[in-house]
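Listed below are the residues making up each chain.
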Amino acid sequence: MQLRLWHYDLPLKHTFTISRESIDVQPTVIVELEQDGVRGYGEATTNPYYGVTLESLTEAIGSCRDILEKSALGDPVELYEQLAEPLDSHRFALCALDQAAHDLWGKLQGKPVYQLWGLSTDHTPVSNYTIGIDSVETMVSKLNEFAGWPIYKIKLGTGQDVEIVERLRRETDAVFRVDANCGWSAEETVDNSRALAPLGVEFIEQPLPATEWEAMRQVRRESKLPVVADESCQREEDVACCDGFFHGINIKLVKCGGLTPARRMIAAARTRGLSVMVGCMTESSVGISAIAQLLPLLDAVDMDGAVLLAKDVASGVTLDRGVCRYPDRPGCGIELMEEGRRLL
Ligand code: MG
């Protein structure tokens, strides 16, 4: 295989704010793996919370060049096993490579990845549309700009969280889910769950800081709404840790290292009776099209990352008010629309 690495700055439609940060532009890298003239793509965004920068991604991915250039792609799981140890502390880089290997694998065989896994897309969950933190009036206008979605995910952690949800509830009958991104205490979470349950909220994502396990056990016992781990569930081994502390997990491909570990996490969660959601970052259609391959295995999905962009750099799956439409193309269905700045 030949390796190339591209850098893009993805411009957002609106400033996107969660409980700990605000962004207008999302830097991302796209891995390109080429074999027999066929190209597969995978993505990893930068992320200050997880300490991931353009430089660290470039260095980590570049360190695997020898392994990649000496291998011919067979099963992407075999390549993952070769890369997992050298990239153990660089899961975002591992994710971009694992996604690219899957896209290439499907393209070389002329079939979508989900089909090669034996899955059907006849019944798949619909994605939510995410509303970042802002003034209440701006959050209302963000919802109305994307009216008609069946589910909205509302970012909270503001000091006026219940008022925000009450105000948004006046606009729509859609399902709400909320994400505090570690911004609440245990007491606030239990109180908020009592106020939010009658407002049609489905679940609460990551209310407490990721390390507050004992407080989380209490929250799980007393909350009126299910609680779903995001920052507390990053890698394969974290699924077992979440059992008894959360009702479900939110898997992100960059956190765990790609499609290969994500499928194992889904299976592990199922044996423990945990619900499973896959979430996205603010990312292009490269990363979103990889997530789409997992849809038949999920209870819920948050894959609106590319919808939040003012300009995408690739084509692949699209969302029609939350419903995933698959392109008639093999692999993850990804075509790059423009070349970025070449890093490798
Ligand atoms: Mg989250």
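Scoring rules and cut-offs
- Residues numbered from 1 in each chain as written.
- Predicted model: local features only at pLDDT ≥ 70, side-chain atom pairs only at ≥ 80, totals over all residues.
- Heavy atoms only, no water.
- Helix = DSSP H or I, 4+ residues; strand = E, 2+ residues; numbered from the N terminus.
- Rg over C-alpha atoms; globule rule 2.2 N^0.38 Å.
- Buried < 20%, exposed > 50% of the residue type's maximum accessible area, 1.4 Å probe, protein only.
- Contact = heavy atoms within 4.5 Å.
- Pairing = 2+ DSSP bridges.
- Axes fitted to C-alpha atoms, helices over the stretch in contact; angles between N-to-C directions.
- Donors = N, O, S within 2.8 Å, 3.2 Å for Na, K, Ca; no water.
- Domains from an automatic or database assignment.
- Buried area = accessible area lost by both parts, 1.4 Å probe.
- Salt bridge = Lys/Arg side-chain N within 4 Å of Asp/Glu carboxyl O.
- Polar contact = N/O pair within 3.5 Å; in protein donor to acceptor, adjacent residues only side chain to side chain.
- Parallel < 35°, antiparallel > 145°, perpendicular 65-115°, else oblique.
- Left-handed = near helix turned anticlockwise from the far one by under 90°.
- Nonpolar A, V, L, I, M, F, W, Y, C, P; charged D, E, K, R; others polar.

Side note on the overall build of the chain
When you go through the chain residue by residue, the secondary structure sums to 13 helices and 16 strands. Relative to the 2.2 N^0.38 estimate, which gives 20 Å for 344 residues, the radius of gyration of the chain is 19 Å and therefore close to what a compact globule would have. The principal-axis extent of the C-alpha atoms belonging to the chain is close to 55 × 40 × 40 Å. Counting the 344 residues in the chain, one finds 58% classified as buried. Within the chain, residue pairs in contact and separated by at least 24 positions form 66% of the contacts whose partners lie at least 6 positions apart.

So, the sheet that holds strand S3 (residues 38–45)
Reading across from one edge, S3-S2-S1-S16 is the order of the four strands in this open sheet, with antiparallel pairing throughout. Taken across any chain shown, the strands that pair with only one partner, and hence form the sheet edges, are S3 and strand S16 (341–342). Summarising the sheet, strand S1 (residues 2–17) and strand S2 (residues 22–35) pair through 12 bridges and their orientation is antiparallel. Across the sheet, residue Tyr8 finds its bridge partner in S2, namely Thr28. The sheet contacts of helix H1 (residues 54–62) involve S1, S2, S3 and S16, and relative to S2 the element is tilted by about 15°.

Topic: the coordination of the magnesium ion
In this structure, Asp179 (OD), Glu205 (OE) and Asp230 (OD) serve as the protein donors to the magnesium ion, at separations of 2.1 to 2.2 Å. One chain supplies every donor to the magnesium ion, and in sequence these donors are spaced D-x25-E-x24-D. Taken as a pair, Asp179 in strand S6 (residues 175–179) and Asp230 in the loop between strand S8 (227–229) and helix H10 (238–242) lie far apart in primary sequence, 51 residues in all. Across the pair, Asp230 and Asp179 agree in class, each one buried.

As for the domain arrangement of the chain
Much of the literature gives interface size as the accessible area that the parts lose upon coming together. Each assigned domain of the chain is listed here: domain 1 (2–112 + 337–343) and domain 2 (116–332). With 44 residues of domain 1 at the interface, the matching set in domain 2 holds 51 residues. Both sides of the domain 1 and domain 2 interface together cover about 4,000 Å² of buried area, and 60% of this is carbon and sulfur. One can count four salt bridges joining domain 1 with domain 2. Note that Glu231 and Arg20 form a salt bridge whose closest N and O atoms lie 3.0 Å from each other. Run the count over domain 1 and domain 2 and you get 20 residue pairs in polar contact (both at pLDDT 80 or more). Taken together, the elements giving at least two residues each to the side of domain 1 that touches domain 2 come down to S1, S2, S3, helix H3 (76–84) and helix H4 (91–109).

Some details on the pattern of salt bridges
In total, this model carries 29 salt bridges according to the counting rule given. A salt bridge links Lys255 to Asp230; the shortest N-O distance between them is 2.5 Å. Pair noted here: Lys255 is in helix H11 (residues 253–256) and Asp230 is in the loop between S8 and H10, with a separation of 25 residues, a long-range link. Exposure remark for Asp230: the relative accessible area of 1% places this residue in the buried category. For the salt bridge of Glu236 with Arg264, the shortest nitrogen-to-oxygen distance reads 3.5 Å. Residue Glu236 is found in the loop between S8 and H10, and its partner Arg264 is found in helix H12 (residues 259–271); the two are separated by 28 residues along the sequence. Since its relative accessible area comes to 30%, Arg264 is described here as partly exposed.

Structural notes on the sheet that holds strand S10 (residues 275–279)
Here eight strands make up an open sheet; going across it, the order is S4-S5-S6-S7-S8-S9-S10-S11 and the pairing parallel. The open sheet has two edge strands with one neighbour each: strand S4 (129–131) and strand S11 (300–302). On average, each strand axis in the sheet is inclined to that of its neighbour by 25°, with strand direction left out of account. With three bridges joining them, S10 and S11 adopt parallel strand pairing. Bridging across to S11, Met277 finds its partner in Ala300.

What to know about helix H7 (residues 161–169)
The element H7 is largely enclosed, with a buried count of seven among its nine residues. Listing the buried residues of H7 in full gives Asp161, Val162, Ile164, Val165, Arg167, Leu168 and Arg169.

Details of the environment of Asp312
If you trace the backbone, Asp312 turns up in the loop between S11 and strand S12 (314–315). The spacing of Asp312 and Pro11 is 301 residues in sequence and 8.4 Å in space, taken between C-alpha atoms. Polar side-chain contacts of Asp312 include one of 2.5 Å to the side chain of Ser285. A polar atom in the side chain of Asp312 sits 3.4 Å from the backbone nitrogen of Ala314.

Focus: the packing of H3 against H4
In the contact formed by H3 and H4, the axes pass within 9 Å of each other and the chain directions differ by 160°. The pairing of H3 with H4 is recorded here as roughly antiparallel in orientation. Once H3 is placed against H4, the crossing between them reads as right-handed. On H4, the residues that touch Pro76, Leu79, Tyr80, Leu83 and Ala84 of H3 are Arg91, Leu94, Leu97, Asp98, Ala101, His102 and Trp105. The residue makeup of the contact of H3 with H4, split by class, is nine nonpolar, one polar and two charged.

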